[in-house]
Amino acid sequence: MGTATAMMTPACYEQRASAEIGACECTVPPAAALIVGTCPYYYRPVCGEPWASVTKVSLASTWEAVKAWARVWKPYEDGESFSTLLRRREKLIEAECTDSDWSRHGNFMMRHIGCGHKPPSYYVSYGYYYCSTYGAELYPRLTSAGQAWLVLARQKLQEYLESGLSQNMRGNEIALASKRGNGSFRMTVAQFELELEDETFTEFAFKTHPMAYLDAGLGDLSVSDLKKIGQQPNVQEWADGRTWEQAVESGAWVAKKKASNAMAALGEAWDATKSEVGDPIGHALGRLLAK
């Protein structure tokens, strides 16, 4: 973790030699498959104090306060948490680590000690906060289909993050595309620096949201579930232009999906009623609206 110079000294010499210990490892190792899709993936509290801080800020329901706190928080100065992680440092920086204290946030801390780099605020302010709070409050209110969507969306969000980080380790271009045809994007980020630029990382993460939500089946959910999902985020968060951008993009794809489903249903209704006397189109529309 660092270097030091030592020399032979008399036994009576009691002053300790000083040595700077640090690390700055920008290579991001892949996460273990078993943790991808879980809330601790972003930030796993090692002890009560850090999570108590997140909870206290979150209860204020001020999105700006959550984001501001995450940006100024100095996790390295949290002695108990940092010491707990440090004892497992070699394990926590391994690829596909399965240690009970691993998280993207903690992994970053162990790779950047004394170099001035801080973990992306997204890991706590959006990732962990919304994964845990959003999920805990929303999940019980959804239908079984909505609950399945929520679980799969969480998985997809983290899979896209992993893919973007992996691409950034190989070069300066990040290009992600939905396998289900739900959009794509490309952005240029200097190799090894995606995690080091807070705003850049947040921009990248937000770009993955629409694809993850749609890949998980957002367009297949009932109107009831869609209303509950749309009403869940904090009001303050909608002041962020990136939230509106992802909402519009997701909404456009959902509308397209719903229109496609409606046309298919209309075709089925037409086939069933085309031999009937009267207004088959009106009859078909009546059946469609009744659904």
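Nothing here was measured: the structure is a model prediction, and the numbers come from that model. (Residues numbered from 1 in each chain as written. Predicted model: local features only at pLDDT ≥ 70, side-chain atom pairs only at ≥ 80, totals over all residues. Heavy atoms only, no water.)

Caption draft 1: Representation of the packing of aromatic side chains within the structure. Taken as a whole and assessed by the stated rule, the structure comprises 12 aromatic pairs. Arranged with centres 5.2 Å apart and planes meeting at 75°, the rings of Y123 and F201 form a pair that is edge-to-face. In this pair, Y123 sits in helix α6 (residues 122-138) while F201 sits in helix α8 (residues 198-215), placing the two residues 78 residues apart along the sequence. F201 carries the same exposure label as Y123, and that label is buried. The rings of Y41, Y42, W102, Y122, Y123, Y126, Y130, F185, F201, F204 and F206 are connected pair by pair, giving a single aromatic cluster. (Phe/Tyr/Trp six-rings, centres within 6.5 Å; stacked < 30°, edge-to-face > 60°. Helix = DSSP H or I, 4+ residues; strand = E, 2+ residues; numbered from the N terminus. Buried < 20%, exposed > 50% of the residue type's maximum accessible area, 1.4 Å probe, protein only.)

Caption draft 2: Representation of the state of the cysteines within the structure. Within the structure shown, the criterion is met by one disulfide. Disulfide partner of C39: C131, at an S-S distance of 2.3 Å. Residues C39 and C131 are joined by a disulfide whose S-S torsion is about -90°; by sign, that bridge is left-handed. Note that C39 is positioned in the loop between β1 (23-24) and α1 (48-59) and C131 in helix α6, a separation of 92 residues in sequence. With respect to class, C39 is no different from C131; both count as buried. For the unlinked cysteine C24, the closest cysteine sulfur is that of C115, found at 3.6 Å. (Disulfide = S-S within 2.5 Å.)

Caption draft 3: Structural view of the pairing of strand β3 (residues 173-177). Burial along β3 is one-sided: I174 and L176 are buried, and none of E173, A175 and A177, which face the opposite way, are. The antiparallel hairpin formed by β3 and strand β4 (residues 184-188) contains six residues in its connecting segment, where G181 sits at a positive phi of about 75°. (Pairing = 2+ DSSP bridges.)

Caption draft 4: Expanded view of the environment of M109. Along the chain, the position of M109 falls in helix α5 (residues 104-111). Of the residues examined, M109 reaches a relative accessible area of 4% and is grouped as buried. Separated by 20 residues in the primary sequence, M109 and R89 place their C-alpha atoms 9.3 Å from one another. In contact with M109, other than residues within four places in its own chain, are P75, Y76, F82, L85 and P119. (Contact = heavy atoms within 4.5 Å.)

Caption draft 5: Representation of α8 within the structure. The end-to-end C-alpha separation of α8 is 26 Å, in line with the 26 Å expected for 18 residues at 1.5 Å each. The axis of α8 is deflected most strongly, by about 30°, at H209, and proline P210 appears within four residues downstream. Summarising burial for α8: 13 of the 18 residues are buried, a large majority. With its phi angle positive at about 105°, G217 sits one or two positions after the end of α8. (Expected span 1.5 Å × (residues − 1). Bend = angle between axes of the 7 residues up to and from the residue.)

Caption draft 6: Main features of unusual backbone geometry. Of note, the phi angle at E96 is positive, near 55°, even though the residue is not glycine. Its place among the elements puts E96 in the loop between α4 (89-92) and α5.

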